[in-house]
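Commentary on secondary and tertiary structure
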Amino acid sequence: MKQLAKPLNVVAMGLLGLFVASSSAQAPQTYRYLCQSVGTGPQEPLGDRDGHSVSVYSYSCRVEGGPLDGGVVTGSAIYEWDKTKAVGLTGNGVVRRPGAMAVFQLSDFTNALTVVDGKVTGFLAAGHGTYKLATGAAAPLGGRTYTYTGRPNGPGQFTVDIKLD
């Protein structure tokens, strides 16, 4: 009987290992961009109605976590504003890390200013993105989609939290 128990223990441990591995593989992968604005101008009024403007943002980020950990992001986004709420018109960027590169495109993205006592105190950005191209160690990101949220974390700085779909 002892001899039968050993193979059953090995099989049970193997199945447990497969269950744990598949459970962790199913967990959503998250990581963070720590960003700063680069050459960002003020909102430009379009002149057709009050509060209707466009803004162009350029930014650079450092990646913390995920398959591009330690990489550097260069990106830009253009928003159409209606007073304190904005809809993204176009956004894209590239993430570079030795031995890896990924190009992303944003979609369905928004930005809303936080206003307290008539003064802007922050913002909340959110949206979706797709890795359109990924090479090297980032190759598994190719074609993957993600959701993100962005918040300020200092003057001219913001944090973007990303969750792969």
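Quick caveat, the model's predicted, so the values are computed rather than measured.

Let us look at unusual backbone geometry. The phi dihedral of lysine 83 falls on the positive side, at around 60°, and the residue is not glycine. Secondary-structure assignment places lysine 83 in the loop between strand 4 (72-82) and strand 5 (85-97). A positive phi is found at aspartate 108, a non-glycine position, where the angle reads about 45°. Turning to its location among the elements, aspartate 108 is positioned in strand 6 (residues 100-116). Looking at aspartate 108, the relative accessible area reads 65%, which means it is exposed.

Our focus in this paragraph is the state of the cysteines. The tally for this structure, following the rule as stated, stands at one disulfide. Covalently, cysteine 35 is tied to cysteine 61 through a disulfide, its sulfur atoms 2.1 Å apart. With the S-S bond torsion at 100°, the cross-link from cysteine 35 to cysteine 61 turns out right-handed. A residue pair is termed long-range when its members are at least 10 positions apart, and cysteine 35 in strand 1 (residues 30-37) and cysteine 61 in strand 3 (residues 52-64) qualify at 26 residues.

Basis of the calculations
- Residues numbered from 1 in each chain as written.
- Predicted model: local features only at pLDDT ≥ 70, side-chain atom pairs only at ≥ 80, totals over all residues.
- Heavy atoms only, no water.
- Helix = DSSP H or I, 4+ residues; strand = E, 2+ residues; numbered from the N terminus.
- Buried < 20%, exposed > 50% of the residue type's maximum accessible area, 1.4 Å probe, protein only.
- Disulfide = S-S within 2.5 Å.

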